[in-house]
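What the coordinates show
Residue-level listing of the chains:
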Amino acid sequence: MYNSSERWKKLLADSKKEEEELRNLLEITVYGSFKPDSEKQRLIKLVAAIRSEGFPSCDIVGGKLRPLTNGINNSCMFYLKTSDVNLLVFTQRGKKLGVTDELAYVLYSLEMHQRRHHCAVFDQTSKTGYSALTFKQVEQLKELSMLHVEFNNKRDLHKNAIGTVHNLFKERRLELQMRLRAIQGI
């Protein structure tokens, strides 16, 4: 028989264990420019920052956890449809062709209609206040009520992305608990 202190300790331990298991299940994919190479390194550092917050299943497309399956474009579309959280990062210096295609897929594809709430778009503003996105993209994000987060520098990006991941984790908690129960056979 447990006394109330022992039960409380067990409950806390079980809760902490479930929290870790749920965080391990949350698949987070980061998209952005790989050109110039400094931009790819920025994305890799963002992934490391998110992992350090206890979300180990975070990666860029083409990384160990998100390998290329059938070319970069097909892989990106696959991960957009299957990841729990998609973070699209637009920077001032990065080439935008790939991430622009991914955003267009999210905005206009019928396949993504029910999954737009799984996505967040991070938009680096210049020192003069210009967006890395086009006016039309910004308007479309607003119209679809998609999460659009502006940032100025690496620290802002990391802070905002980590906060967004925590919020989306909370929103997906029930979904993740159901997935965990299915895995455990409960």
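Before reading further, recall that the structure is shown in the block above.
Below is a short write-up of the structure. (Residues numbered from 1 in each chain as written. Predicted model: local features only at pLDDT ≥ 70, side-chain atom pairs only at ≥ 80, totals over all residues. Heavy atoms only, no water.)

Positionally, His-158 belongs in helix α6 (residues 154-171). Excluding residues within four positions of it along the chain, His-158 makes contact with Lys-45, Leu-46 and Ala-49. (Helix = DSSP H or I, 4+ residues; strand = E, 2+ residues; numbered from the N terminus. Contact = heavy atoms within 4.5 Å.)

Both strand β4 (residues 119-124) and strand β5 (residues 147-151) contribute to a ladder of five bridges, which runs parallel. The partner of Ala-120 across the bridge, within β5, is Leu-147. Chirality of the crossover, the property in question, places the unit of β4, helix α5 (residues 135-143) and β5 among those that are right-handed. (Pairing = 2+ DSSP bridges. Right-handed = clockwise from strand over helix to strand, strands pointing away.)

Here the distance between the centres and the angle between the planes together describe a pair of aromatic rings. The full count for this structure, using the stated rule, is two aromatic pairs. Ring geometry for Phe-55 against Phe-169: centres 5.5 Å apart, planes inclined by 75 degrees, an arrangement best described as edge-to-face. In this pair, Phe-55 is assigned in the loop between α2 (37-52) and β2 (58-60) and Phe-169 in helix α6, connecting sequence segments 114 residues apart. On the accessibility criterion, Phe-55 (1% relative accessible area) is buried. Overall, Phe-169 belongs to the buried group, its relative accessible area being 3%. (Phe/Tyr/Trp six-rings, centres within 6.5 Å; stacked < 30°, edge-to-face > 60°. Buried < 20%, exposed > 50% of the residue type's maximum accessible area, 1.4 Å probe, protein only.)

Below, the discussion takes up the environment of Glu-21. On the secondary structure map, Glu-21 appears in helix α1 (residues 4-25). Overall, Glu-21 belongs to the partly exposed group, its relative accessible area being 24%. The spatial distance from the C-alpha of Glu-21 to the C-alpha of Leu-180 is 7.7 Å, given a sequence separation of 159 residues. Those residues in contact with Glu-21 that sit more than four places away from it in its chain are Leu-180 and Gln-184.

A few words now on the packing of α1 against helix α7 (residues 173-184). With their axes 10 Å apart at the nearest point, α1 and α7 run at an angle of 95 degrees to one another. It follows from the interaxial angle that α1 and α7 lie roughly perpendicular. Between α1 and α7, the contacting residues are Glu-18, Glu-19, Glu-21, Leu-22 and Leu-25 on the first element and Arg-173, Leu-176, Gln-177, Arg-179, Leu-180, Arg-181, Ile-183 and Gln-184 on the second. Within the contact of α1 with α7, the residues separate by chemical class into five nonpolar, two polar and six charged. (Axes fitted to C-alpha atoms, helices over the stretch in contact; angles between N-to-C directions. Parallel < 35°, antiparallel > 145°, perpendicular 65-115°, else oblique. Nonpolar A, V, L, I, M, F, W, Y, C, P; charged D, E, K, R; others polar.)

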